[in-house]
Amino acid sequence: MRMYFSATVLCVLCVSVIGGVKDHDFERSPVTNPEHHISPIQEDGNWLDTYGYSAFEGQFPYHAEVRIKPISLSYVHTCAGSLITLKYVLTTAACLYRWVNEFGIEYSFVTLGSLFNGDTQWEQRINFTADGIHTHPLYRYPSYELYNIATIRLDCPATLNRFVQPIRLPRLTDIRTYEMMEGTATGDSFVRGLKYLRNQVMSNKDCQRDILPGVVITVQHLCTNSFIGGVFCFREYGSSLTVEDENGRFLIGIADHVFWCSSKYPTRHVRVSYFVDWIQTNSDYILDL
């Protein structure tokens, strides 16, 4: 597989140092326990709730934080994505659509290089514009149920090192459902560094039975089991779900329906393998057979 791993020089003009952006400007769910932990902890009263594990530096080099400052709003919208090539990030359409089409973008950038214990020395900030955003043409806001996928073209390529690397996607011929495999979900890097959790991938039939009534589960989706792994309080919209096989780690899902961590519902993800042709058309990723 050709994955664009050649070294490149990061364009200085593409790297953002955004003045005046403070932590409290970011749109976030309340954090009840911001302390740094090396093992999962549970919220009092619910044994499934967990803030996850703290990642070590370079453990998830494909993780991307997406920041968008809408023109008419006072805060910076944030969600997550995955670096799939030097110049493209994969995320959900819901992560981007409203802010681009309803409010307009004042500025936007992606942060690469996993935050580790508050250390930003490996961080790369690369701008993108509305022209670089490609949402699936069949996606319809405000419904997040179907075709909830998008790519972001960065203004200049990322610089690859041990802290920033693309993640591979499923092969075109990969027809597995990934049921019963252990999925690793990245989460929030906003407080004291990147967090992650492992959950078992469940069948769509079981997911539809266990998820909140009215939430649609189709062939475009896959789910993870909260009862096998826990409920991730630091999960972000657009964040990655990966599994490992004999060829290493690859991306199978993008979080697109996340419940409050006090619930026990499964987490729904966009099934990446369903959209690999669209991803190849709307990025410079070259799929392997």
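Details of the structure are given in the entry above.
Procedures and definitions
Residues numbered from 1 in each chain as written. Predicted model: local features only at pLDDT ≥ 70, side-chain atom pairs only at ≥ 80, totals over all residues. Heavy atoms only, no water. Helix = DSSP H or I, 4+ residues; strand = E, 2+ residues; numbered from the N terminus. Buried < 20%, exposed > 50% of the residue type's maximum accessible area, 1.4 Å probe, protein only. Contact = heavy atoms within 4.5 Å. Polar contact = N/O pair within 3.5 Å; in protein donor to acceptor, adjacent residues only side chain to side chain.

Here's the deal with the overall build of the protein chain
Move 1: Of the regular secondary structure elements, the protein chain holds three helices and 16 strands.
Move 2: In the protein chain, which comprises 289 residues, the proportion classed as buried is 54%.
Move 3: The contacts of the protein chain with a sequence gap of at least 6 include a subset with a gap of at least 24, amounting to 71%.

Observations regarding the side chain of Asn199
Move 1: By the element assignment, Asn199 lies in strand S11 (residues 195–202).
Move 2: By relative accessible area, Asn199 is classed as buried at 3%.
Move 3: Looking at Asn199, its side chain comes within polar contact range of the main-chain oxygen of Ile228, at 3.4 Å.
Move 4: With residues near it in sequence (within four places) discarded, Asn199 still touches Met181, Glu182, Gly183, Thr224, Asn225, Ser226, Ile228, Gly229, Gly230 and Arg235.

Here's the deal with the environment of Ile252
Move 1: One can find Ile252 in strand S15 (residues 248–257).
Move 2: In the structure, Ile252 is positioned 10 residues away from Thr242 in sequence and 5.4 Å away in space, judged by C-alpha atoms.
Move 3: The contacts of Ile252, once residues within four sequence positions are left out, are Tyr178, Val201, Leu222, Leu241, Thr242, Val243, Val270, Arg271 and Val272.

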